Amino acid sequence: MYAIVDIETTGGHASANGITEIAVFLYNGNEVTQHYQTLVNPGIPIPYYIESLTGISNSMVADAPPFEAIAPLLYDLLKDRIFVAHNVNFDYSFIKHQLANAGFDLQSKKLCTVRLGRKIFPGLKSYSLGNICRHFSIPVNGRHRAGGDAEATTVLFGMLLANDKEKVIASMLKVGSKEQFLPPNLPPEQVKGLPAHPGVYYFHDHKDKVVYVGKAKDLAKRVNSHFTGHSTSRQRQNFLRTIHRISYQETATELMACILESVEIKRLWPVFNYAQKRVEFRYGFYLFEDQQGYLRLAIEKKRKYSHPVHSFNLLIDGHRLLRSLIKEFQLCPKLCFLQKGDGTCAGITAGTCKGACQKVERPESYNERMKAAIAFLQEQQPSVIIVDKGRNSSEKSCILMEKGRFYGMGYVPAEVNTAEAAHVRDYLTPYAENEVIISLLRPYASNSRQLSGIR
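Since this is a predicted model, take the numbers as computed values, not measurements. Per chain, the residues get numbers from 1 upward, laid out in the order the sequence is written. At least 70 in pLDDT is required for a residue's local features to be given in this predicted model, at least 80 for side-chain atom pairs to be given and counted, and no such filter applies to totals for whole chains, interfaces and linings, which use all residues. Water and hydrogen atoms play no part in the side-chain values, which are based on all heavy atoms of the structure.

Focus on the pairing of strand 2 (residues 19–27)
Regular strands have side chains that alternate between both faces of the sheet. Burial classification: accessible surface area is computed with a 1.4 Å probe over protein chains only, and a residue below 20% of its type maximum counts as buried, one above 50% as exposed, and the rest as partly exposed. In this text, helices come from DSSP runs of H or I with a minimum length of four residues, and strands from runs of E with a minimum of two, each type numbered from the N-terminal end. Most of strand 2 is tucked away, with nine of its nine residues classed as buried. Sheet analysis places strand 1 (residues 2–9) next to strand 2, joined by eight bridges and oriented antiparallel. Residue pairing across strands places Tyr-2 opposite Tyr-27, the latter belonging to strand 2. Pairing of strand 2 with strand 3 (residues 32–39), which is carried by seven bridges, proceeds in the antiparallel orientation. Opposite Val-24, over in strand 3, you have Tyr-36 as the bridge partner. In this description, strands pair whenever DSSP reports at least two bridges between them. Between strand 2 and the antiparallel strand that follows it, strand 3, lie four residues; Gly-29 among them carries a positive phi value of about 100°.

As C-alpha cells, then:
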C-alpha cells in the first residue's frame, strides 16, 4: 500500500541535479514486504560538500547504473502505491522528473512524514528526521544515506499510523485534499482560512521575515496556485522550503491590491520578489539654481533618492516637452541645456529668450517664468478620484491621485461626497508612490489641458 522512499542527490533541485542513491521500502501498514536500494550514477560530478554530507563519492557511483537503467523497476515499485517520504515534495519532484525523462509518467498520492508528525505528535522542538528519530529513539543506520533514512522513515511512519487517532492520514489522502501539495513547514489551517476576496498576501520564513509578497483577485485561489504542480526548478524548490507562515490584507478591489502589492514590495524588498524592484522611469527634469541665481532645468537620468519635477521613459519625450515649455514661457535654451557652446542663443534669434544667458535679463524676472512653467507642468498632470465598492455596504473604496502624484487610498463612509479631494483626503492612508503605481492609475485619469509630450 505504501512506498516509503528516500534519495540522495547532487543538489537541491531536480532540473539541474541527479540522484546518487535511492531506497524504497514497500510497507503494508504492519511490515515491510519488499526492499530495494541502489547507488545511481547521476551523470554529473558530485560536489565536495555533498560528498562530505552523504559519504557518497564519484568513485562509488562510477560503476553504478544510470537512472534510465533502473527506471522500469522503480516505476513498477511506485505505481499504484502511496508515495511516503520525509519532506515528500523534494523526493517526489526528483523521482517524477527523472522518470519522466525516462518515459514514465508517475502520478501518486503523497504523504509527508514532516506534516504528519506536526499533526499527530504536536509540540516537538524539531521535526527534522534526525531530531524526531532521536526523540522517539528510532535507530538510524547510516544518516544521510538513502537506505538508513528510508528505514528510519518506515519505523516513524509505523508509529504515525499507530497513533493516528484523529484519522489525519485518511484526511490527507482524500480526493481534493491540498495538504500533500503544501510546503512541509506551512500549517494547512492558514491556507484553509484564506478568504476568496481581493487582497495582498505575505509568505514568511522561519524567522517570520517576509520573503514574498503577492496580489490576488481571489486570495484563496491565488495562494493555492503556488503549491500545485511539480516544478523542479531551484527557485521553486527553495521558495517552497522557505515558507513557514502566511498573512494577508484584504482589499475591496483588485486595483487596490495591485497598488498595495507594489507599495509592500518596495517597503519590504522580499527576497523572492524579482519583478518591480527596478521598474522606474529612466529620466527626469531637475530644477536647480546656478551661481548667478538663475533657475535652470536639466534632463538627467533618474537616480535613487532623487526627486525630479517630472519623469519620463524616453529621452526624446523629455526633449519634446522641454522645447514646448521653452516656447510657451520664453525660457532660455542655454539655461535649459538644449543649446551648448558660445554661439548666439537660438532663443534670442527666435525671439523667445530675453537674454538671461547673457545676463541681460535679471534672475528675478527670468525665475518667475521658470516657476510658472514648472507650475503649469505640474498642473497638467492628471488628477483623479477612483471610487468603487467597499469591503461592505457601509463604505466605499477610494484612491486619490493629485497632479500626477499618488496620494493614497482607503475607505470612506458610504454617505460621504467623494466628488472633491478635500472631502475624502482625511479618510485615506497616504502611501509612498512609485512608477508602477502611477502607470496603474494613469489610464483612469483624463487630461483636459495637455502640453505636447505630456503623457
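Picking up where we left off.
Quick look at the packing of helix 3 (residues 67–78) against helix 4 (residues 88–101)
Two numbers describe a pair of packed helices, the interaxial angle and the distance between the axes. For helices, the axis comes from a line fit to the C-alpha atoms of the stretch in contact; other axes are also lines fit to C-alpha atoms, and the angle between any two N-to-C directions lies between 0 and 180 degrees. It is the contact of helix 3 with helix 4, at a shortest axis distance of 9 Å, that shows an interaxial angle of 115°. In the packing of helix 3 onto helix 4, the handedness of the crossing is left-handed. Where helix 3 abuts helix 4, its residues Phe-67, Ala-71, Leu-74, Tyr-75 and Leu-78 lie against Ile-95, Gln-98 and Leu-99. Left-handed describes a crossing whose near helix is turned anticlockwise from the far helix through less than a right angle; right-handed describes the clockwise counterpart. We call two residues in contact when some of their heavy atoms are within 4.5 Å.

Notes on the side chain of Thr-418
Structurally, the position occupied by Thr-418 is in the loop between strand 14 (405–413) and helix 16 (421–424). With near-sequence residues (within four places) excluded, Thr-418 lies in contact with Ile-385, Val-387, Lys-396, Val-412 and Val-424.

Focus: the domain arrangement of the protein
Domain segmentation is taken from an automatic or database assignment of domains. When its domains are assigned, the protein resolves into domain 1 (2–173), domain 2 (188–268), domain 3 (283–380) and domain 4 (384–448). A straight line from the C-alpha centre of domain 3 to that of domain 4 covers 32 Å.

A short note on the sheet that holds strand 5 (residues 110–112)
Backbone-to-backbone hydrogen bonds join strands into a sheet, with any given pair of strands oriented parallel or antiparallel. The five strands are arranged 3-2-1-4-5 in an open sheet whose pairing can be described as mixed. Because the sheet does not close on itself, it has two edges, and the strands there are strand 3 and strand 5. Averaged over all adjacent pairs, the angle separating strand axes in this sheet is 20°, with direction ignored. Strands strand 4 (82–85) and strand 5 of the sheet are contacted by helix 5 (residues 113–120), whose axis makes an angle of about 55° with strand 5.

Some remarks on the state of the cysteines
Our working definition of a disulfide is a cysteine sulfur pair at a distance within 2.5 Å. Across all of its chains, the model carries zero disulfides by this definition. Considering cysteine sulfurs only, Cys-332 is the nearest to Cys-357, which forms no disulfide, with 3.6 Å between them.

Observations concerning the nonpolar core
Residue types Ala, Val, Leu, Ile, Met, Phe, Trp, Tyr and Cys, when buried and joined through side-chain atoms within 4.5 Å, form a set referred to as a nonpolar core. Grouped together as the largest cluster of nonpolar side chains are 54 residues, with contacts concentrated most on Ile-22, Leu-78, Ile-95, Leu-111, Leu-116 and Phe-157. In contact with Leu-116, not counting residues within four places along its chain, are Leu-111, Phe-121, Phe-157, Leu-160, Val-168, Ile-169 and Met-172. Among the nonpolar cores identified, the runner-up in size contains 26 residues, and Tyr-294, Leu-297, Leu-322 and Cys-345 belong to it.

Observations concerning the pattern of salt bridges
We count a salt bridge whenever a side-chain nitrogen from Lys or Arg sits within 4 Å of a carboxyl oxygen from Asp or Glu. Evaluated as defined, the whole model comprises 15 salt bridges. Lys-96 is paired through a salt bridge with Asp-105; the nearest N and O atoms lie 3.5 Å apart. In this structure, Arg-405 engages Glu-433 in a salt bridge whose closest nitrogen and oxygen atoms are separated by 2.6 Å. Here the residue Arg-405 occupies a position in strand 14, and Glu-433 occupies one in the loop between strand 15 (428–430) and helix 17 (435–441), the gap between them amounting to 28 residues.

Comments concerning the side chain of Thr-113
Turning to its location among the elements, Thr-113 is positioned in helix 5. Residue Thr-113 is classed as buried on the basis of its relative accessible area, which comes to 0%. Apart from residues no more than four positions distant in its own chain, Thr-113 is found in contact with Val-84, Ala-85, His-86, Thr-153, Leu-156, Phe-157 and Leu-160.

Describing the sheet that holds strand 7 (residues 210–216)
Here we have three strands laid out as an open sheet, ordered 7-6-8, and antiparallel in their pairing. Each edge of the open sheet carries a strand with a single partner, namely strand 7 and strand 8 (245–250). Between one strand axis and the next, the sheet turns through 20° on average, direction left out of account. Strand direction decides the pairing type here: strand 6 (residues 199–204) and strand 8, joined by six bridges, are antiparallel.

Quick look at helix 5
Of all eight residues making up helix 5, six are buried, and the element is well covered by its neighbours. All of the buried residues along helix 5 are Thr-113, Val-114, Arg-115, Leu-116, Gly-117 and Ile-120. Contact partners of the buried residues in helix 5: strand 4, strand 5, helix 7 (146–162), helix 8 (168–173) and helix 9 (188–192).

Some remarks on the packing of aromatic side chains
We describe a pair of aromatic rings using the distance from one ring centre to the other and the angle between the two ring planes. Between rings of Phe, Tyr and Trp, where Trp is taken as its six-membered ring, a pair exists when centres lie within 6.5 Å; planes separated by under 30 degrees are stacked, by over 60 edge-to-face, and by other angles tilted. Inspection of every chain in the model, using the stated rule, returns 18 aromatic pairs. A ring pair is formed by Phe-285 and Phe-312, whose centres lie 5.2 Å apart and whose planes are at 65°; its orientation type is edge-to-face. Here the residue Phe-285 occupies a position in strand 9 (residues 283–289), and Phe-312 occupies one in strand 11 (residues 310–312), the gap between them amounting to 27 residues. Like Phe-285, the residue Phe-312 is buried in the burial classification. Taken together, the ring pairs connect Tyr-201, Phe-203, Tyr-212, Phe-227, Phe-239 and Phe-272 into an aromatic cluster. Across from the ring centre of Tyr-411, 3.7 Å away, lies the NZ or CZ of Arg-391, which sits over that ring. Lying across the ring of Tyr-407, Arg-425 places its NZ or CZ 5.9 Å from the centre. To sit over a ring, a charge needs its Lys NZ or Arg CZ within 6 Å of the ring centre and within 35 degrees of the ring normal.

Quick notes on the environment of Met-1
Along the polypeptide, Met-1 turns up in the segment before strand 1. A residue is classified by how much of its surface remains accessible, and Met-1, at 55% relative accessible area, is exposed. When the C-alpha positions of Met-1 and Thr-33 are compared, they lie 9.9 Å apart, and in sequence the two are 32 residues distant. Leave out the neighbours within four places in its chain, and Met-1 touches Tyr-27, Asn-28, Arg-81 and Ile-82.

Regarding helix 15 (residues 363–379)
For helix 15, built from 17 residues, the straight-helix expectation of 24 Å at 1.5 Å per residue is met to within 8% by its first-to-last C-alpha distance of 24 Å. Looking at helix 15, one finds that the buried residues are Pro-363, Tyr-366, Asn-367, Arg-369, Met-370, Ala-373, Ile-374, Phe-376 and Leu-377. Of the surrounding secondary structure, the elements contacted by the buried residues of helix 15 are strand 9, strand 10 (295–301), strand 11 and helix 13 (315–329). A helix's residues, less one, multiplied by 1.5 Å, set its expected span.

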